[in-house]
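Letter by letter, the chains look like this.
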Amino acid sequence: MSSSKTFTGNFFEDFRLGQVLKHATPRTITVGDVSLYTALYGPRFAIHSSDEFARSVGLPRAPVDDVLAFHMVFGKTVPDVSLNAVANLGYANGKFGVPVYPGDTISTSSTVTGLKQNSNGKTGVVYVNSVGKNQHGHVVLDYTRWVMVNKRDESKPAPEAVTPKLPSAVPAEELHVPATLRPENYDFSLSGDKFGWSDYEVGEKIDHVDGMTIEEAEHMLATRLYQNTAKVHFDQFAANSGRFKRRLIYGGHIISLARCLSFNGMANAFRVLAINGGSHANPTFAGDTIYAYSEVLEKIELPRRQDIGALRVRLVATKNHPNADFPYKKDGKYDDSVVLDLDYTVAFPR
Amino acid sequence: MSSSKTFTGNFFEDFRLGQVLKHATPRTITVGDVSLYTALYGPRFAIHSSDEFARSVGLPRAPVDDVLAFHMVFGKTVPDVSLNAVANLGYANGKFGVPVYPGDTISTSSTVTGLKQNSNGKTGVVYVNSVGKNQHGHVVLDYTRWVMVNKRDESKPAPEAVTPKLPSAVPAEELHVPATLRPENYDFSLSGDKFGWSDYEVGEKIDHVDGMTIEEAEHMLATRLYQNTAKVHFDQFAANSGRFKRRLIYGGHIISLARCLSFNGMANAFRVLAINGGSHANPTFAGDTIYAYSEVLEKIELPRRQDIGALRVRLVATKNHPNADFPYKKDGKYDDSVVLDLDYTVAFPR
Amino acid sequence: MSSSKTFTGNFFEDFRLGQVLKHATPRTITVGDVSLYTALYGPRFAIHSSDEFARSVGLPRAPVDDVLAFHMVFGKTVPDVSLNAVANLGYANGKFGVPVYPGDTISTSSTVTGLKQNSNGKTGVVYVNSVGKNQHGHVVLDYTRWVMVNKRDESKPAPEAVTPKLPSAVPAEELHVPATLRPENYDFSLSGDKFGWSDYEVGEKIDHVDGMTIEEAEHMLATRLYQNTAKVHFDQFAANSGRFKRRLIYGGHIISLARCLSFNGMANAFRVLAINGGSHANPTFAGDTIYAYSEVLEKIELPRRQDIGALRVRLVATKNHPNADFPYKKDGKYDDSVVLDLDYTVAFPR
């Protein structure tokens, strides 16, 4: 007697505009997660590495890396949103809220904010606004992503097409800087380099130089740590008869690698404030070596903060291609080496 | 001057009926171990994932996964019991006691409860009853396993054959449910699916669908985490001249994978109460992709608990073979794809 | 507009005698790091494994493995000292101070104590004395290492050659035993074997028997955990056009493996007191299987301690070669199988 209790994920016609998805399962984040994050990517940002350093700038202890918080929120949405996704199309309007500390429990829910069936009638685009909150109900991350999802039954009628209005970048007045964060005693000799906000210029490109090769065990450990259940990352037997013949690496793994590589040249980008947009330009597989470079897109003064400034940055990751030549797009198409094009906003001491 | 201080493990003739083995080394379990367990297997059971969820059902915080507690107890017994084992023959009468919380220190001892030399005179079967206790002396796990062990000296006389009486399953009155565990506020929207004890039927089979490929680094990280010292898992140089030419994966690694895969279809099996029996039907190696299915064997009412019920379940893991056809035995022999046949009892909210 | 903010490391002519390097970034060590260390190497020393055991010998809780503390200090020095190193030539006068406990934050600085340009005019040897301190300013490790570093500009004049005076071994009166460490209740049945200080003899050699094969994911996870940024460990794409065509394994990874393998025969070597010297005799790569043996060089009575004695030990690690024949040097050259020759001092209960 075979049972139908297994969850096979939502298909395009299962989503309704305005629908709220309360995601399983809440997750308490611990110092164990932080150590794994360090082992997986080698981050060295002082504020996340040292309780003492964090205290010196007004925080109660070292918060977890903002991108780790992102993964924990993102992972929760996968079973309900993207188990049947054909592609993860984009991110927008990602705003980081209160820092996450070890011991915090994050719960996530998503609201369907857009639906648009594709003209082929086989797939559609689903927009979700996902919000992660800590145990006090404070928002730790609020962002929108959109994915292309298969229809289960092509004969189902298309819903009215609705596309949410999304900003090209999170505006300065919506960037959240923790109130107690006061970098007046920020020690630039302990943080890794001497460059603060005022040292960067719009248009500046920084080759982060170092490369990191990815192993199968590493991306799978990471993706399971985030309780991200997308099958394509884990099942080589199924992959053998798939398009790539390989397990696909979770796009967020590349975001973390690129962010950690960016330390060399941006060691004082001590807080991610926003994810304005992002694209996983090409797939990555175990054995690929990831490099990264940054381009400063905008210098942002933060309201009521003379001590902290923000940079809007394009963080580009490439595979098997060091970045002295800063590859990006040709004729509107990404260079084959580009795997990540992330538009994000980071805070620096001024 | 070469020394003989290296411990080479016990051989069959070293065991005595009634002998008590106090195992080295006690182990404090931490949130670091929990994070690694999450990274290795991707468990999502809400009670282990979230301190807040655990509190909502009457526990002080998130206990560690019961199978992690099993590994920590099992690992301790390896140097004394199975370093010279030819085969791990079976488990029985495994009863989980008080939950294990991060910070607890587990100590383990074993009593030899059976001895039976094989007719070939070269090996014998040793039965041990192993008990893990926390720092308060409370039992966290009590189980019997039996292994086939080499003799060092075949001329040594055979001991009187004694085989312990073991139940085919742990009876309901011996299943331990933590007294404070009260799932009246159990949130089925946060736990991963809606199915409680009353939704399952005897004979029901659930294909857990997802597959997980194993890497060498993963099973070795896991096995060392449990301080399990069996050489066959770690030494490829020695394996090159062995039977399989490969490092063998610790059978418990497959139990954890299967248990975590079972979330998809049994998300509310929130506590392992007993291991009734188990067999590692075929060996597994790095590169294998593990799938799992469950068959409900029995529905058990728990004494004095209207809020929680138990299911006795057969959890089967296969390699490189998705389980739509539920492979098991043919003519009394396991199908080549079957790697684990575990008979265990789990608790659900009713 | 390309930027020069990326740090490319110091070259030989950047170092000055007496120069103090305050290393980024301080690091809070947690139980998460301890769990990873356990998963990576499988240590079983009771004092590090169990809070209860540590309390039974007078410590407040389980300290972290001394070699983990070494890696955390060492890792910090890499960006400033050895990013452009051709070779890590040696260690000397390494003294472990107060134990490190989870929650401690370690900061590291180094003083340049020697400089000697090589006759080829292309490289030079830099000696640094590195000191790691906890958040209370107490020294956790103080050691000297020397590395061969490239010159950026060969035309720069050679500095006056200065070589620090270093002892061949840390003398007994400089060995630090924590004052509260009192092994009178040390439980030899829980610690793994029965051999105390008085059971070892000078000249005794112990084959630690077990072998451990290394995977790429493992050594990279370890090296990133220590925030060691040396490129040769991580970048396969660059390695493809290098000398070995492979990622090189961090030498400290082998120290930890050898130390953990030494448990089998030296389970009660419960504290590393000193690193007297060390050489990474041959490179190691993923796929190599590591074995280890120890030779007792000296028995040391510790001043004012009747309860604890020290052994000076040569710990040798080999690759793909079990150690029944104790390979070492032939005609002054290391045997091809030898990868580590570590001269260190460990404490035992007497």
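Sequence order as written defines the numbering, with residues in each chain counted from 1. Chain A is the first chain written and ligand 1 is the first ligand written, with later ones labelled in order. Totals for whole chains, interfaces and linings use every residue, but because this is a predicted model, local features are given only for residues with pLDDT of at least 70 and side-chain atom pairs only at 80 or more, for both listing and counting. Remark: hydrogens and water are excluded; side-chain values derive from all non-hydrogen atoms of the structure.

Undergrad: I would appreciate a short explanation of the overall build of chain A in the present structure.
TA: Helix and strand content of chain A: 7 helices and 14 strands. In terms of overall size, chain A behaves like a compact globule, its C-alpha atoms giving a radius of gyration of 20 Å where 350 residues would be expected to give roughly 20 Å. Counting only C-alpha atoms, chain A reaches 65 × 45 × 40 Å along its principal axes. Looking at chain A as a whole, 65% of its 350 residues are labelled buried. Put simply, of all contacts in chain A between residues at least 6 apart along the chain, 79% involve residues at least 24 apart. Per-residue and other accessible areas were derived by the Shrake-Rupley procedure at a 1.4 Å probe size, with only the shown protein chains allowed to occlude residues. Only carbon and sulfur atoms are counted for the fraction: they give 50% of the accessible area of chain A, which is about 12100 Å². Labels follow the DSSP assignment, with helices taken as runs of H or I lasting at least four residues and strands as runs of E lasting at least two, numbered in each case from the N terminus. Radius of gyration: over C-alpha atoms. The globule rule applied is 2.2 Å multiplied by the number of residues raised to the 0.38 power. Buried, partly exposed and exposed residues are distinguished by accessible area as a fraction of the type maximum, computed with a 1.4 Å probe on protein chains only: under 20%, between the cut-offs, and over 50%, respectively. Any two residues whose heavy atoms approach within 4.5 Å at even a single point are treated as in contact.

Undergrad: Can you help me understand the interface of chain B and chain A in this one?
TA: Interface extent is often summarised as the accessible area lost during association of the parts. Contacts between the two partners involve 51 residues from chain B, matched on the other side by 36 residues from chain A. The term buried area denotes the loss of accessible surface (1.4 Å probe radius) that occurs when two parts are joined, taken as the sum for both partners. When the buried surface of chain B facing chain A is broken down by residue, Ala39, Arg44 and Leu190 of chain B rank first, second and third, together holding 17% of it. Salt bridge, as applied in this entry: a Lys or Arg side-chain nitrogen positioned within 4 Å of an Asp or Glu carboxyl oxygen. Across the contact surface, chain B and chain A share 5 salt bridges. Between Arg247 of chain A and Glu215 of chain B there is a salt bridge; the shortest N-O distance is 2.9 Å. Throughout this description, a polar contact denotes any pair of N or O atoms lying within 3.5 Å of each other; where both atoms belong to protein, one of them has to be capable of donating a hydrogen while the other can accept it, and for residues adjacent in sequence the pair is counted only when both atoms sit in side chains. Counting the contacts that link chain B with chain A gives 23 residue pairs in polar contact (both at pLDDT 80 or more).

Undergrad: Can you walk me through the interface of chain C and chain B in this structure?
TA: Across the boundary between the two partners, chain C contributes 51 residues, which contact 36 residues of chain B. A combined buried area of about 3400 Å² lies between chain C and chain B, and 58% of that area is made up of carbon and sulfur atoms. Its largest share of buried area at the contact with chain B, chain C owes to Ala39, Arg44 and Leu190 of chain C, together 17% of the area lost on that side. Scanning the region where chain C abuts chain B turns up 5 salt bridges. A salt bridge links Asp187 of chain C to Lys22 of chain B; the shortest N-O distance between them is 3.2 Å. Our count for the chain C to chain B interface comes out at 23 residue pairs in polar contact (both at pLDDT 80 or more). Among the elements that line the side of chain C that touches chain B, the one with the most residues is helix H1 (residues 31-41) of chain C, at 8 residues. Residues are grouped as follows: Ala, Val, Leu, Ile, Met, Phe, Trp, Tyr, Cys and Pro are nonpolar; Asp, Glu, Lys and Arg are charged; all remaining types, including Gly, are polar. Of the residues in the side of chain C that touches chain B, the class split is 21 nonpolar, 18 polar and 12 charged.

Undergrad: Would you explain the relation of the copies chain B and chain A in this entry?
TA: Each copy of the chain is related to the other by a rotation around an axis and a translation along that axis. Least squares is the method for superposing the copies, and the C-alpha atoms it fits come from residues with pLDDT of at least 70 in both. For these two chains of identical sequence, chain B goes onto chain A by a turn of 120° and a shift of 0.0 Å along the axis, with RMSD 0.0 Å. Such a combination of turn and shift is consistent with a three-fold rotation axis. Minimal C-alpha distance to the rotation axis in chain B is attained by Gly32 of chain B, lying at 2.2 Å. A low fraction, 10%, of the interface residues of chain B reappear at the interface in chain A, so the copies pair through non-equivalent surfaces.

Undergrad: What is the right way to look at the environment of Ile249 of chain A in this model?
TA: Residues and elements named next belong to chain A. Take Ile249: it is sitting in the loop between helix H6 (236-239) and helix H7 (251-261). With 29 residues separating them in the primary sequence, Ile249 and Met220 have C-alpha atoms 8.0 Å apart. Excluding residues within four positions of it along the chain, Ile249 makes contact with Ile214, His219, His233, Ile254, Thr284, Phe285 and Ala286.

Undergrad: Looking at this structure, I do not really get the relation of the copies chain C and chain B. What am I missing?
TA: Of the transformation placing chain C onto chain B, the axial shift is 0.0 Å and the rotation is 120°, giving an RMSD of 0.0 Å. When you check the interface residues of chain C against chain B, a mere 10% turn up at the interface there too, and the two sides of the contact use different surfaces.

Undergrad: In this structure, what is going on with the confidence of the model for chain A? I would like to understand it.
TA: Note that predicted coordinates carrying low pLDDT should not be read in detail. With 100% of its residues at a pLDDT of at least 70, chain A reaches an overall mean of 96. Scored as a whole, the predicted complex attains pTM 0.98, and scored at its interfaces, ipTM 0.97. Residue-level confidence of the predictor is what pLDDT reports, using numbers from 0 through 100.

Undergrad: Where do I start with the packing of H1 of chain C against helix H5 (residues 216-225) of chain C in this structure?
TA: Residue and element names in this part refer to chain C. One way to put it is that H1 packs onto H5 with a least axis distance of 10 Å and a crossing angle of 150°. Comparing their axes, H5 and H1 come out roughly antiparallel. Relative to H5, the crossing made by H1 is left-handed. Counted together, Asp33, Leu36, Leu40 and Tyr41 of H1 and Glu218, Leu221, Ala222 and Leu225 of H5 form the full contact between these two elements. Angles run from 0 to 180 degrees between N-to-C directions of axes, and those axes are lines fitted to C-alpha atoms, restricted for helices to the stretch in contact. For classification, angles of less than 35 degrees are called roughly parallel, those exceeding 145 degrees roughly antiparallel, those between 65 and 115 degrees roughly perpendicular, and all remaining angles oblique. Crossings are assigned a handedness: left-handed for a near helix turned anticlockwise from the far helix by less than a right angle, right-handed for a clockwise turn.

Undergrad: Just to check I follow, could you spell out the pairing of strand E4 (residues 105-117) of chain C for this structure?
TA: Put simply, side chains in a regular strand alternate between the two faces of the sheet. Residue and element names in this part refer to chain C. Only strands joined by at least two bridges in the DSSP assignment are considered to pair. In the sheet, strand E1 (residues 20-22) pairs with E4 via 3 bridges, with the strands oriented antiparallel. Bridging from a neighbouring strand, Val20 pairs with Thr111 of E4. By the bridge criterion, 10 bridges tie E4 to strand E5 (residues 123-133) in an arrangement that is antiparallel. When the sheet's bridge partners are listed, Thr111 is paired in E5 with Asn129. Hairpin remark: E4 followed by E5, antiparallel, with 5 residues in the connecting loop; positive phi at Gly121, about 75°.

Undergrad: Looking at this model, I keep getting lost on the pattern of salt bridges. Mind explaining?
TA: When the charged atoms of two side chains lie near each other, side chains of opposite charge can form a pair. Scanning the model with the defined rule gives 61 salt bridges over all chains in all. For Asp33 of chain A, the salt bridge identified is with Arg27 of chain A, shortest N-O distance 2.9 Å. Look at Asp33 of chain A and you get buried, because its relative accessible area is 0%. Under the relative-accessibility criterion, Arg27 of chain A is labelled buried at 4%. Between Arg350 of chain C and Glu301 of chain C there is a salt bridge, and its shortest N-O distance comes to 3.2 Å. Taken together, the positions of Arg350 of chain C in the segment after strand E14 (338-349) and Glu301 of chain C in strand E10 (residues 289-301) put the pair 49 residues apart, joining distant regions of the chain.

Undergrad: What's the story with helix H5 (residues 216-225) of chain B in this structure? I'm lost.
TA: An α-helix turns once per 3.6 residues; consequently, residues spaced three or four apart project the same way. Residue and element names in this part refer to chain B. H5 sits mainly inside the fold: 10 of its 10 residues count as buried. Within H5 the residues assigned to the buried category are Glu216, Ala217, Glu218, His219, Met220, Leu221, Ala222, Thr223, Arg224 and Leu225. Gln227 sits one or two positions beyond H5 and adopts a positive phi of about 55°.

Undergrad: Would you mind showing me how to read the packing of aromatic side chains here?
TA: When we look at a pair of aromatic rings, we describe it by the centre distance and by the angle of the planes. We call Phe, Tyr and Trp rings a pair once their centres come within 6.5 Å, taking the six-membered ring for Trp, and we label the pair stacked below 30 degrees between planes, edge-to-face above 60, and tilted otherwise. Summed over all chains, the structure comprises 51 aromatic pairs over all chains. Their ring planes at 35° and their centres at 5.7 Å tell us that Phe70 of chain A and Phe74 of chain A sit as a pair that is tilted. A residue pair is termed a helical-turn pair when its members lie 3 or 4 positions apart in one helix, as Phe70 of chain A and Phe74 of chain A do in helix H4 (residues 66-82) at 4 residues. Phe74 of chain A matches Phe70 of chain A in its accessibility class, with the two residues each being buried. On the basis of an interplanar angle of 85° and a centroid distance of 5.8 Å, the ring pair of Tyr328 of chain C and Tyr334 of chain C is categorised as edge-to-face. Connected via pairs of aromatic rings, a cluster forms that spans Phe70, Phe74, Tyr91, Tyr143, Tyr226 and Tyr250 of chain A. The side chain of Lys5 of chain A reaches across the aromatic face of Tyr200 of chain B, ending 4.4 Å from its centre. Charges are assigned to positions over rings by a cutoff of 6 Å between ring centre and Lys NZ or Arg CZ, combined with an angular limit of 35 degrees from the ring normal. One cation-aromatic arrangement involves Arg259 of chain B over Phe45 of chain B; the distance from NZ or CZ to the ring centre is 4.0 Å.

Undergrad: Before we go on, may I ask you to explain the nonpolar core in this structure?
TA: One broad trend across soluble globular proteins is that nonpolar side chains are buried collectively. The set of buried Ala, Val, Leu, Ile, Met, Phe, Trp, Tyr and Cys residues whose side-chain atoms join them within 4.5 Å is what this entry labels a nonpolar core. Among the nonpolar cores identified, the biggest contains 183 residues, and Phe70 of chain A, Phe70 of chain B together with Phe70 of chain C are the most heavily contacted of them. With residues up to four places along the chain from it excluded, the contact list for Phe70 of chain B reads Tyr91, Phe96, Leu141, Tyr143, Tyr250, Ile255 and Ile275 of chain B.

Undergrad: Help me understand the environment of Glu160 of chain A in this model?
TA: Residue and element names in this part refer to chain A. Structurally, Glu160 is set in the loop between strand E6 (139-150) and strand E7 (205-207). Judged by its relative accessible area of 68%, Glu160 is exposed. Between the C-alpha atoms of Glu160 and Gly114, which are 46 residues apart in sequence, the distance is 9.6 Å.

Undergrad: Teacher, can you tell me more about the side chain of Ser337 of chain C here?
TA: All names here are of chain C. Along the chain, the position of Ser337 falls in the loop between strand E13 (333-334) and E14. A distance of 2.7 Å separates a polar atom in the side chain of Ser337 from a polar atom in the side chain of Asp335. Residues in contact with Ser337, not counting those within four places in the same chain, are Ala317, Thr318, Lys319, His321 and Pro327.

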